[in-house]
Amino acid sequence: MEVGVLPVELWQLILSYLHLPDLGRCSAVCRAWHDLVLSLDKTRWRQLCLGCLEHRHPNWPNQPGVEPRSWRETFKQHYLASKTWTKNTQDLESSNCLSLFRRRKGRRQLSVGAGGEFSSLRAALAAASPYDRLVLLPGLHEEQSEVLLKVPVEVVGQGKLGDVALLVSIDQHCPTARLCNIVFVPSWFTSVLYKTTAGYVQFDNCTFESGQLQIHAPGTCQVKFCTFSQSSIHLRSVALCILENCEFTSSENAAVTVEGCPSLDHNWACKHLATLAKSCAVSMEPDAAGCPVAEQDGWGESLLEPVRTCEIVVGEGQSSFLSDAGAQALLGSVQEDAEFEENLRAAKEEEEYLALNSNSSDSDLCSDDEEDAQAVFRLPCQAHSLSQTLADLVDSRLQSNRLHALQRDLKLKSLQQELQQDKEAQSLANSLQGCIIRQCLFRDGKGGVFIYSRGQAKLEGNIFRNLTYAVRCIQNSKVVMLRNDIHHCKASGIFLRLSAGGLVADNNIHSNCEAGVDIRKGANPLVLCNKIHSGLRSGIVVAGNGKGIIRSNQIYGNKEAGIYILYNGNPAVSGNHIFQGLAAGIAVNENGRGQITGNIICENQWGGVDIRHGGDPVLRNNLISCGYSDGVVVGEHGRGLVEGNVIYGNKGCGVWMTSSSLLHLVSNQISHNSIYGVAVFCRKDDNGDQPPGQGQGGGDSFQEEREGAGRESYTVGEEEYPTARHPISVALVELNNISHNGAAGLHVKSSEALNIIANVIHANRDGGVAVLQSSQLTRIANNSISCNSHGGVLVEAECQVELRGNGVYENGSHGIVSKGEGVVVENDIIGNHRCGLQLLQVADMKVIKNRIQSFRDYGIALFDEAKGLVQENIIFQGRSKKSILRPLSNAEDCIIQNNVLLTFKKRFDTECMLTNPPARPHIRGCALGPRTTAGAQRASSITTRVDGGCHNHGTVFCTVL
């Protein structure tokens, strides 16, 4: 009959009553009939697939409500898989059809049970021929001793699952077998339900209760649509096994145990299992992951509540990858200061800078006429000066280029991109060895999968929930985990120990009581593109000489550190988005190390990065912003290299460190933080002098991550702790841009020596540098300290300071105020709104070879009991005619000699002030002071530039490149 005679809908209705053989015949009639049969996918083919007692819904047990792409294709795959067990005979190529015919001709169907041909399974097996089908009739079938399976047979239960129960222990001694639609219950004499040491066994739609399956190499197995209730599978040295669409519940130990290196002795089924594994591999579609805006995850649930976002505008480009509570001017250096002031409040310390209040009377201030004259005679510190050049070049060029690069380079990569770039990860993702577990559900038990003694397993698309632990991999074993959902474990989700490795990629790991991923004792996995969030402790823990590559993950919402590194842990952490944690973003403690590069760390409650107790990481090229406390916290005995990072928009300090730490802080941009840019506090003052808003997340709050199952203890190895870099003996703050912070740019209350070398300290809301306590020498050299709201440098009483080669320009109050001891040598102190240099109280300073200019006030002023040596300075006078103020009471204690006073009456003369030598910081050659860190890269260097002569362009400035 022609297809066009009847409507298509009527044909579909007629064909929907046909059985499978008739549908096959109809599809072979012609193209039109073939298309009609294919159009029955969601009707007849669905009925045939779900009506087969040997299989369940293709997405059971994880997503039974989600339909497959094609019911017909699913039915076809089920059918082909059910025939795998029969493919062990060697068929001749010229007689394939005859061999199939011969196999079918000799196959019988034997019924077992009440009313059947045989009363027991043992009797039926004794009479069975190879490839016979044994049908177990409904009821309970029990064997009093172990049953030996010597011929390949198929054992199928009749009726629905649960109608046939088999109390038996079976030992397979034949090449192949298949068991289907049976409930297995252990016999009274053993808990082993089924074991094989050589053959292949296939289980379809079975239930195992309170027993164990044992598969030893070269034996293999395929288990599909089975339920394991208080049961487990033990695989020993298997070359390849497949567990698909199974449910494991209430296991007393690990539900699946994989032991031993995959055997090189492959049996006949390995080839077919490998083909099946490749054809049914879980597809890895790239996720459109962004940070910190949470997308819908692969399981259809929103990962985060709606988060607050702000747009970051750099030049003409913009990005929205940062989330911020109140940083509307996160990149305020390219905006006006007034706009920034509306969005960030400057939190200040309780004590005020008393020295910033001048002892001169108000009559010393300039009049309105003098203000007008000052615009003519002032050193060109606005139009062409160092400070304006720094503001333009550093803030605009440096921030614009760096943030454009950050937006490009720190974008979260998808798993597909990672696999394309990392051949090792690609090889692991495509590997087919050991045990393959796909689309299974592990719940309400002790353990999910346990891999040890060089075992290998691959886990794809599984769900692990309400277990003690999900996966435990130890003793040089290897695990590959792709697109699994691991949550609500009582301990850590994934344990890796004792040189274990593998690939943990594209998983959703959340709401676990301990760490999401726990790496210790020399384990070295690849952890890529996971979502690790909402944990009751840390997201990832690396301890006990653990290593690993942690890359392109989203780590957020954990109650402790997003990544916690301790006890010689040494991972490579790069390209991750770590945000909205309830503690630190990354904590490095107890001699932890690590290469931490290119991460976005934002909106964490404590420090973005917290380094304490011997922690010694390399922290390079990260974006640390919008934290509710400090950007980087370096606690007691913290170490490390912090280089090339952008640290801004944090509600605490940019960098907070104790004086016992030996940190190398180099080439960072530290700006728009609410309190200090960099704060150095004495250990004994940690509790009392901590500024408001400083997070209290100290080392006591970071407790050691407990072990998972059994809370096993461990000791740190005896191997000597190697240092990746040459150690430094003095904390070093070098080549940083510290600008637009809410309080002082650099705040020092230290009991240890400190070197502050070649930094740009610009436009902070309080002073530039405040040294309030310094029992040992604080060396401040070759810095540019400009346009800060209060004074440039403040040195309190009893502090030891060396100020050498600095440029102190256009600060809102005095240039330098000192009550302490030390030297002020070869500095340019120009254009500040009050005195250039002021010595108060019991100051004892040597002031030598400086160039000082103050239009409104004295160049140098000495008060109280100040003493010292003021010698060979050049003081440029403005119209106020004030140069040096010295009360007669301290004339004997203070020596003033050989100073040069210069008065300029023409603007061009003023422009020549800083020509020989050029404006400081002026560094000859490439020396920036002592280089105490060997091999550290330098992202920037300071050079000096002079354009034209005094009367041509008048542009004398220092640039930071």
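This is a predicted model, so every value here is computed, not measured. (Residues numbered from 1 in each chain as written. Predicted model: local features only at pLDDT ≥ 70, side-chain atom pairs only at ≥ 80, totals over all residues. Heavy atoms only, no water.)

Caption draft 1: Quick peek at the packing of helix α2 (residues 20-27) against helix α3 (residues 31-38). Running from amino to carboxyl end, α2 crosses α3 at an angle of 140°, the nearest separation of the two axes being 7 Å. Considering the angle they form, α2 stands oblique to α3. The residues of α3 that touch α2, namely those facing Leu23, Cys26 and Ser27, are Trp33, His34 and Val37. Classifying every residue of the contact of α2 with α3 by side-chain character gives four nonpolar, two polar and no charged. (Axes fitted to C-alpha atoms, helices over the stretch in contact; angles between N-to-C directions. Helix = DSSP H or I, 4+ residues; strand = E, 2+ residues; numbered from the N terminus. Parallel < 35°, antiparallel > 145°, perpendicular 65-115°, else oblique. Contact = heavy atoms within 4.5 Å. Nonpolar A, V, L, I, M, F, W, Y, C, P; charged D, E, K, R; others polar.)

Caption draft 2: The arrangement of unusual backbone geometry in detail. Going from tryptophan 60 to proline 61, the amide bond is cis rather than trans, its omega being 5°. Here proline 61 shows up in the loop between α4 (44-51) and α5 (71-82). For the bond running from arginine 920 to proline 921, omega is 5°, close enough to zero to count as cis. Within the secondary structure, proline 921 sits in the loop between α14 (907-911) and β78 (942-947). Here the phi dihedral of histidine 613 falls at roughly 50°; this positive angle occurs in a residue that is not glycine. Residue placement: histidine 613 occurs in the loop between β45 (609-611) and β46 (618-620). Given a relative accessible area of 28%, histidine 613 falls into the partly exposed group. Backbone geometry at aspartate 864 places phi at a positive 55°, although glycine is not the residue there. One can find aspartate 864 in the loop between β72 (860-862) and β73 (867-871). (Buried < 20%, exposed > 50% of the residue type's maximum accessible area, 1.4 Å probe, protein only.)

Caption draft 3: Fine view of the state of the cysteines. Enumeration over the complete set of coordinates arrives at zero disulfides. Lacking any disulfide linkage, cysteine 30 is separated from the closest cysteine sulfur, that of cysteine 26, by 9.9 Å. Judged by relative accessible area, cysteine 30 falls into the partly exposed class, the value being 35%. This cysteine, cysteine 226, is not joined by any disulfide, and cysteine 206 carries the nearest cysteine sulfur, 4.7 Å off. (Disulfide = S-S within 2.5 Å.)

Caption draft 4: Examining the nonpolar core more closely. Ranked by size, the top nonpolar core spans 131 residues in total, and within it Phe203 and Val256 carry the most contacts. Setting aside chain neighbours within four positions, we find valine 256 in contact with Ile233, Leu235, Leu243, Phe248, Cys435, Ile437, Phe442, Gly448, Val449 and Phe450. (Core = buried A, V, L, I, M, F, W, Y, C linked by side-chain atoms within 4.5 Å.)

Caption draft 5: Focus on the pairing of strand β51 (residues 655-658). Neither face of β51 is exposed, since Val655 and Met657 on one face and Trp656 and Thr658 on the opposite face are all buried. Bridge analysis of β51 against strand β54 (residues 678-681) gives four bridges, and the strand direction is parallel. Along β54, the bridge assignment pairs valine 655 with valine 678. (Pairing = 2+ DSSP bridges.)

Caption draft 6: Examining the environment of histidine 266 more closely. Secondary-structure assignment places histidine 266 in the loop between β19 (254-259) and α8 (269-279). Linking histidine 266 and valine 238, residues 28 residues apart in sequence, is a C-alpha distance of 8.6 Å. At a separation of 3.4 Å, a polar atom in the side chain of histidine 266 contacts the main-chain carbonyl oxygen of serine 263. (Polar contact = N/O pair within 3.5 Å; in protein donor to acceptor, adjacent residues only side chain to side chain.)

Caption draft 7: Quick peek at the side chain of glutamine 202. Note on placement: glutamine 202 falls in strand β11 (residues 200-204). A polar contact is formed between the side chain of glutamine 202 and the side chain of tyrosine 200, at a distance of 3.0 Å.

Caption draft 8: Molecular detail of the pattern of salt bridges. Within the structure shown, the criterion is met by 29 salt bridges. Linking arginine 483 and aspartate 506 is a salt bridge whose minimum nitrogen-to-oxygen distance equals 3.1 Å. Of the two residues, arginine 483 is situated in the loop between β28 (478-482) and β29 (485-487) and aspartate 506 in the loop between β31 (501-505) and β32 (508-510); the sequence distance between them amounts to 23 residues. For aspartate 506, a relative accessible area of 10% gives the class buried. In this structure, the salt-bridge partner of glutamate 643 is arginine 620, at a minimum N-O distance of 3.0 Å. With a gap of 23 residues between them, glutamate 643 in strand β49 (residues 639-643) and arginine 620 in strand β46 connect regions that are remote in the sequence. Of the two residues, glutamate 643 and arginine 620, neither departs from the other in class, the shared state being buried. Salt bridges linked by common partners bring Arg107, Arg133, Glu154, Arg178 and Asp204 together as one network. (Salt bridge = Lys/Arg side-chain N within 4 Å of Asp/Glu carboxyl O.)

Caption draft 9: Spatial organisation of the packing of aromatic side chains. With the rule as written, the count across this model stands at 16 aromatic pairs. Aromatic side chains tyrosine 194 and phenylalanine 203 sit 5.2 Å apart centroid to centroid with 85° between the ring planes, which places their arrangement in the edge-to-face category. Measuring from centroid to centroid gives 5.2 Å for phenylalanine 203 and phenylalanine 208, while their planes differ by 80°, and the two rings are edge-to-face. Across the pair, exposure class does not vary: phenylalanine 203 and phenylalanine 208 are buried alike. Cluster of aromatic residues (ring-pair linked, three or more members): Phe184, Tyr194, Phe203, Phe208, Phe228, Phe248, Phe442 and Phe464. The aromatic ring of tryptophan 60 is capped on one face by arginine 56, whose charged end is 4.0 Å from the ring centroid. Sitting above the plane of the tryptophan 45 ring, arginine 72 keeps its charged end 5.9 Å from the centroid. (Phe/Tyr/Trp six-rings, centres within 6.5 Å; stacked < 30°, edge-to-face > 60°. Lys NZ or Arg CZ within 6 Å of the ring centre and 35° of its normal.)

Caption draft 10: Layout of the confidence of the model for the chain. Counting all residues, the mean pLDDT for the chain is 78, and 73% of those residues have values of 70 or more. Segment residues 97-105: pLDDT under 50, and four contacts once partners within four positions in sequence are set aside and those in other chains are kept. Taken together, the stretch residues 282-398 has pLDDT below 50 and engages in 270 contacts with residues farther than four places along the chain or on a different chain. (pLDDT = per-residue confidence, 0-100.)

Caption draft 11: Quick peek at the side chain of asparagine 741. Tracing the chain through its elements places asparagine 741 in the loop between β56 (737-739) and β57 (746-750). Asparagine 741 gets classed as buried once you look at its relative accessible area, which sits at 0%. Here the side chain of asparagine 741 touches asparagine 764 through a polar contact of 3.0 Å, side chain to side chain.

Caption draft 12: Structural detail: the environment of cysteine 682. Following the sequence through the fold, cysteine 682 ends up in the loop between β54 and β55 (731-734). Cysteine 682 sits in the buried class, given a relative accessible area of 3%. A C-alpha to C-alpha distance of 4.4 Å links cysteine 682 and serine 750, two positions 68 residues apart in sequence. When neighbours within four sequence positions are excluded, cysteine 682 is seen to be in contact with Ser659, Lys749, Ser750, Ser751 and Gln773.

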